[in-house]
Amino acid sequence: MSEPPIFTEELLDRCISCGFCLSACPTYALTGEEVSSPRGRINLMRALEEGRLPADDPTLAEESSFCLGCRACEPVCPAGVQYGPLLEEWRARQWPPRTRPLRLRGLLWATNRRWRVRALGLPRRHARRRRGPGPWLMLGCFERALFPAVSRLAARLVPGARVVARQGCCGALHAHNGELARGHELARELGEALPGVILTTSGGCAAHLAAVLGRDRVRELSEWLVESGAAASSGGARPDGAAASTGAAASTGAAASTGETGARPSETGARPSETWPRPSETRPRVGLQDSCHLRNANGVWREPRELIGRVAEYVELPSASRCCGAAGTYALLRPRDSRVILDAKLDEIAAAEVDYVVAVNPGCLRQLRQGLRRRGSATRAIHLAELLATLGD
Ligand code: SF4
Ligand code: SF4
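What counts as what
Residues numbered from 1 in each chain as written. Chains lettered and ligands numbered in written order. Predicted model: local features only at pLDDT ≥ 70, side-chain atom pairs only at ≥ 80, totals over all residues. Helix = DSSP H or I, 4+ residues; strand = E, 2+ residues; numbered from the N terminus. Buried ≥ 20, exposed ≤ 12 C-beta atoms within 10 Å, placed from the backbone. Contact = placed C-beta atoms within 7 Å. Core = buried A, V, L, I, M, F, W, Y, C linked by C-beta atoms within 7 Å. Domains from an automatic or database assignment. pLDDT = per-residue confidence, 0-100. Near = placed C-beta within 6 Å. Nonpolar A, V, L, I, M, F, W, Y, C, P; charged D, E, K, R; others polar. Pairing = 2+ DSSP bridges. Axes fitted to C-alpha atoms, helices over the stretch in contact; angles between N-to-C directions. Parallel < 35°, antiparallel > 145°, perpendicular 65-115°, else oblique. Left-handed = near helix turned anticlockwise from the far one by under 90°.

(A) Layout of the overall build of the protein chain. Looking only at helices and strands, the protein chain has 20 helices and 7 strands in total. Per-residue burial for the protein chain yields a buried fraction of 49% across its 393 residues. Considering only contacts in the protein chain between residues 6 or more positions apart, those separated by 24 or more positions represent 76%.

(B) Up close: helix 9 (residues 148–157). Among the 10 residues of helix 9, 8 are classified as buried, and the element is accordingly described as predominantly covered. Inspection of helix 9 places Pro-148, Val-150, Ser-151, Leu-153, Ala-154, Ala-155, Arg-156 and Leu-157 among the buried residues, and these make up the whole buried set.

(C) Representation of the nonpolar core. With 102 residues, the main nonpolar core has Leu-137, Ala-154, Leu-199, Leu-209, Val-358 and Leu-387 as its most contacted residues. If one sorts the elements of this core by residue count, helix 12 (residues 203–213) sits on top with 8 residues. Two domains each put at least three residues into this core: domain 1 (9–94) and domain 2 (114–392). Setting aside residues up to four positions removed in sequence, Ala-154 forms contacts with Ala-127, Leu-137, Thr-201, Leu-221 and Ala-385.

(D) Representation of the confidence of the model for the protein chain within the structure. Taken as a whole, the protein chain shows an average pLDDT of 85; of its residues, 83% reach a score of 70 or greater. Ranking the helices and strands of the protein chain by mean pLDDT puts strand 6 (residues 356–359) first, with 98, and helix 14 (residues 248–252) last, with 33. Counting interchain partners and residues more than four positions distant, the pLDDT-below-50 stretch residues 231–280 has 99 contacts.

(E) View of the site of ligand 2. With respect to spatial proximity, 14 residues lie near ligand 2, and among them Cys-25, Pro-38, Cys-67, Cys-70 and Cys-73 are the closest. For the shell around ligand 2, the secondary-structure elements that each account for two or more residues are helix 2 (26–31) and helix 3 (38–49).

(F) Focus on the site of ligand 1. Around ligand 1 there are 14 residues in total, and Cys-15, Cys-18, Cys-21, Arg-39 and Cys-77 lie nearest to it. The class makeup of the residues in the shell around ligand 1 is 11 nonpolar, 2 polar and 1 charged.

(G) Local environment of the environment of Val-340. As for its position among the elements, Val-340 is in helix 18 (residues 335–352). Given 13 C-beta atoms within a 10 Å radius, Val-340 is considered partly exposed. In this structure the C-alpha to C-alpha distance between Val-340 and Leu-30, which are 310 residues apart in sequence, comes to 9.0 Å.

(H) Inspection of the sheet that holds strand 1 (residues 136–137) at higher detail. In spatial order, the strands read 1-2-3; together these 3 strands make up an open sheet with parallel pairing. The open sheet has two edge strands with one neighbour each: strand 1 and strand 3 (218–220). Across the sheet, helix 12 lies against strand 2 (198–200) and strand 3, angled at about 165° from strand 3, the strand it touches most.

(I) Up close: the pairing of strand 6. Here strand 6 shows a buried face lined by Tyr-356 and Val-358 and a second buried face lined by Val-357 and Ala-359. Relative to strand 6, strand 4 (residues 285–289) runs parallel, the two sharing 4 bridges. Following the sheet pairing, Gly-287 is matched in strand 6 by Val-357. In the sheet, strand 6 pairs with strand 7 (residues 380–383) via 4 bridges, with the strands oriented parallel.

(J) Structural detail: the packing of helix 11 (residues 180–193) against helix 12. Following both chains from N to C, one finds helix 11 and helix 12 inclined at 85°, their axes separated by 9 Å at the closest point. When the axes of helix 11 and helix 12 are compared, the pair comes out roughly perpendicular. Between helix 11, through Gly-183, His-184, Ala-187, Arg-188 and Gly-191, and helix 12, the contact on the second element is made entirely by His-208, Leu-209, Val-212 and Leu-213.

(K) The arrangement of the sheet that holds strand 5 (residues 313–314) in detail. In space, the 4 strands of this open sheet follow the order 5-4-6-7, with parallel pairing throughout. In this open sheet, the two strands that pair with only one neighbour each are strand 5 and strand 7. Against the sheet, helix 16 (residues 302–311) touches strand 4, strand 5 and strand 6, its axis set at about 165° to strand 4.

(L) Main features of the packing of helix 4 (residues 58–66) against helix 5 (residues 83–94). Following both chains from N to C, one finds helix 4 and helix 5 inclined at 130°, their axes separated by 11 Å at the closest point. Classed by the angle they form, the pair helix 4 and helix 5 counts as oblique. Pair helix 4 / helix 5 crosses with left-handed handedness. Mapping the contact onto sequence places Leu-60, Ala-61 and Ser-64 in helix 4 and Trp-90, Arg-91 and Gln-94 in helix 5.

(M) A look at helix 20 (residues 384–392). Among the 9 residues of helix 20, 8 are classified as buried, and the element is accordingly described as predominantly covered. Of all the positions in helix 20, only Leu-384, Ala-385, Glu-386, Leu-387, Leu-388, Ala-389, Leu-391 and Gly-392 are classed as buried.

(N) Region of interest: the environment of Arg-215. You can see Arg-215 is positioned in the loop between helix 12 and strand 3. Residue Arg-215 is classed as partly exposed on the basis of its 18 C-beta neighbours within 10 Å. A sequence separation of 83 residues divides Arg-215 from Asn-298, and the C-alpha atoms of the two residues are 8.0 Å apart.

(O) Up close: the environment of Cys-70. Considering the arrangement of structural elements, one finds Cys-70 in the loop between helix 4 and helix 5. Taking the number of C-beta atoms within 10 Å as the measure of exposure, Cys-70 has 30 and is therefore buried. Sequence separation between Cys-70 and Gly-204 is 134 residues, and the spatial gap between their C-alpha atoms is 9.9 Å. Residues in contact with Cys-70, not counting those within four places in the same chain, are Pro-26, Cys-292, Asn-296, Cys-323 and Ala-327.

Structural data, given as structure tokens:
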């Protein structure tokens, strides 16, 4: 009996080998080798699918791991290759449970067990349980333990948000690390626990939930605040010079309704609170580190810039859209490569002389904080919710 296919045929067939993606790929930039590029990896996937390379081939193992999974290759691809789902399918085959490093196994085991995750941080300091007419605030598994202030401040910024403590992991870490079916199962369970629009402060979780539950079920914090009418329309140009209205964020604006009521955010009582940020007297210089998945999969990049610009002097870092090296579990599994990527980012931050660098994903926040501390930098890494709440008071 023949083996079931590893990859969705339609996804794997889409690449036309044009190479437009090569210049967008951070790992290709590091090595200059075709095999470390998106096109090279897709050719490896095809070789695996067709049996021309065995699953234990060392190049397959190395490249499935060296890839950051940042999906920077997707927006530049003229053929519409969905590299992220292909990588998930690849790792589901390439990384069977027994071959995964112990650290990764431990992490995946802990994510959906709240008491274990809480043990990493201070329990019960995340946003308190409350009712409301607005979206369901996702607390995150590691975010609620490592950065509990983020959900508290997000709840202040969206006073209509509903909060329940009993909610699990979204499954993004599982899906990206070889447990694709489990990752989907966890997302569906979370979708049942939070049955309307899910508001998240994590770009990576937003992209995974959107892929499993549907784009209209998920809003990242900056997206929600802008769609709710809380922020002035930027009307500006994209940082890359293209028209602001062409991004996927603009296209999803039409889906700015809640999954339950069909009402738009501004109609659900989810208006910004009295603490909504106002421009301050002294405007600090603030840069942004995009969340790769939020930008490349969900098309959200304009909104956080717009919000930062309301309370501070926004400074576009030259490679804001490039991965910081956190990349989910990458910093844990490939610390040396992660550090090389981060170091270039830290050099840019130092040259830009910003007071804050904002993250919209807990993994990026942790990565930047650690790097800046190590260098003794005066720049602070801060979550968008913290910046808006702090400078708005
Ligand atoms: S840009 Fe798209 S079609 Fe072209 S090589 Fe890269 S993945 Fe393939
Ligand atoms: S996901 Fe990122 S690192 Fe991986 S091939 Fe695409 S651009 Fe390169």
